[in-house]
Amino acid sequence: MIRLLKINPFNKILAGAVFISVTFSFFLEFFLNIIPCKLCLYQRYLWVFLLLICILNIVKKDKGKLVKIIIILTLFAIISLSFYHSGVELGIFNNIISCISDNNGKANSIEELDFLIREAKNMDCAFAKFKILNLSLSNLSFIYSSSLFLLCLKVYNKNIFK
C-alpha cells in the first residue's frame, strides 16, 4: 500500500483518464443504447489495451522504458484510427473497413421487409451516432488521445529519450 503512494502521480492520472474513456464508451453503449460501429470498436479495443498497460505501469516494480514506449505507441495508434474515423465521417476518406451489418435478412412480404428496415441498426461508420458540442465521438477521441499523447511525450521524455 505504501508503495502505491510512491508511484509517479502522472501514471495514476493517466490510468484514471484512460479508465474514464473506457467507462464512458461502455456507458454510451449499454445505458444509452448507442451501438458502436466497427471503427469505434477498434478504438475501444485500443483504449482497453492502453488501460491494461497503464495498470501494468502502476503495478510493475521494474520501471523500464518498454512499458512507456508501448503506452506512447498505443496512443499514437488511437490517434491514427480516430483521425481516420473522423475523416470517414467527414467524407474525406473512403472507408476501407466494411461497417455494414452482416444481417442479410430475406423478406417474403412487404410487412417483413418493413420490419427488417425499421429494426435495422445503423452500423455505418460514416454517420456519427452521438455528438457533444457538435463533435462526434471520434473527433473527441482524437482530441483526448492527442492530449494524452503530448502529455506522455512531455513526462516520459526524460526516461525514454536519454
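Model, not experiment: these values are computed from the prediction. (Residues numbered from 1 in each chain as written. Predicted model: local features only at pLDDT ≥ 70, side-chain atom pairs only at ≥ 80, totals over all residues. Heavy atoms only, no water.)

What to know about the overall build of the protein chain
Turning to step 1, where the next piece is worked out: Secondary structure summary: the protein chain contains six helices and two strands in total.
Turning to step 2, where the next piece is worked out: Going residue by residue from the N terminus, the α and β elements of the protein chain occur as α-α-α-α-α-β-β-α.
Turning to step 3, where the next piece is worked out: Across the 162 residues in the protein chain, those meeting the buried criterion constitute 33%.
Turning to step 4, where the next piece is worked out: Restricting to contacts in the protein chain with at least 6 residues of sequence separation, those with at least 24 account for 76%.
Turning to step 5, where the next piece is worked out: In the structure as shown, the protein chain presents an accessible area of about 10,700 Å², 68% of it carried by carbon and sulfur atoms. (Helix = DSSP H or I, 4+ residues; strand = E, 2+ residues; numbered from the N terminus. Buried < 20%, exposed > 50% of the residue type's maximum accessible area, 1.4 Å probe, protein only. Contact = heavy atoms within 4.5 Å. Areas by Shrake-Rupley, 256 points an atom, 1.4 Å probe, with all protein chains shown as cover.)

Details of the packing of helix 2 (residues 9-30) against helix 3 (residues 38-59)
Turning to step 1, where the next piece is worked out: Two numbers describe how helix 2 lies on helix 3: the axes approach to 9 Å, and their chain directions differ by 150°. Put simply, helix 2 runs roughly antiparallel to helix 3. Crossing hand, helix 2 versus helix 3: left-handed. Across from Asn11, Lys12, Leu14, Ala15, Val18, Phe19, Ser21, Val22, Ser25, Phe26 and Glu29 in helix 2, the residues of helix 3 making contact are Arg44, Trp47, Val48, Leu50, Leu51, Cys54, Asn57 and Ile58.
Turning to step 2, where the next piece is worked out: Classifying every residue of the contact of helix 2 with helix 3 by side-chain character gives 12 nonpolar, four polar and three charged. (Axes fitted to C-alpha atoms, helices over the stretch in contact; angles between N-to-C directions. Parallel < 35°, antiparallel > 145°, perpendicular 65-115°, else oblique. Left-handed = near helix turned anticlockwise from the far one by under 90°. Nonpolar A, V, L, I, M, F, W, Y, C, P; charged D, E, K, R; others polar.)

Describing helix 2
Turning to step 1, where the next piece is worked out: Taking 1.5 Å of rise per residue, 22 residues should cover 32 Å, and helix 2 covers 31 Å from first to last C-alpha, within 8% of that figure.
Turning to step 2, where the next piece is worked out: Within the sequence span of helix 2, burial applies to Phe10, Asn11, Leu14, Ala15, Ala17, Val18, Ser21, Val22, Ser25, Leu28 and Glu29. The buried side chains of helix 2 occupy one side of the element, clustering within an arc of 160° when seen end-on. More than 90 degrees from the buried face of helix 2, the exposed residues found are Pro9, Ile13, Ile20 and Phe30. (Expected span 1.5 Å × (residues − 1). Arc of directions from axis to C-beta.)

A short note on the side chain of Ser136
Turning to step 1, where the next piece is worked out: Mapped onto the elements, Ser136 comes out in strand 2 (residues 135-136).
Turning to step 2, where the next piece is worked out: The class of Ser136 is buried, set by a relative accessible area of 2%.
Turning to step 3, where the next piece is worked out: Side chain to side chain, Ser136 and Glu89 meet in a polar contact 2.5 Å long. (Polar contact = N/O pair within 3.5 Å; in protein donor to acceptor, adjacent residues only side chain to side chain.)

Topic: the nonpolar core
Turning to step 1, where the next piece is worked out: Counting 22 residues, the largest nonpolar core has Leu14, Val18, Leu50, Ile71 and Cys152 as the members making the most contacts within it.
Turning to step 2, where the next piece is worked out: Residue assignment for this core shows that the elements contributing at least two residues are helix 2, helix 3, helix 4 (65-90) and helix 6 (137-160).
Turning to step 3, where the next piece is worked out: For Ile71, the contacting residues outside a window of four places in its chain are Leu14, Leu50, Ile53, Cys54, Asn57, Cys152 and Tyr156.
Turning to step 4, where the next piece is worked out: Listed in part, the five residues of the second largest apolar core include Cys37, Leu39, Leu81 and Tyr84. (Core = buried A, V, L, I, M, F, W, Y, C linked by side-chain atoms within 4.5 Å.)

Here's the deal with the pattern of salt bridges
Turning to step 1, where the next piece is worked out: Inspection of every chain in the model, using the stated rule, returns one salt bridge.
Turning to step 2, where the next piece is worked out: Of the charged contacts, one joins Glu29 and Arg44 as a salt bridge, the two residues approaching to 2.5 Å between their closest N and O atoms. Here Glu29, found in helix 2, pairs with Arg44, found in helix 3; they are 15 residues apart in sequence, far enough to count as distant.
Turning to step 3, where the next piece is worked out: On the basis of relative accessibility, which here comes to 17%, the residue Glu29 falls in the buried class.
Turning to step 4, where the next piece is worked out: Owing to a relative accessible area of 10%, Arg44 belongs among the buried residues under this scheme. (Salt bridge = Lys/Arg side-chain N within 4 Å of Asp/Glu carboxyl O.)

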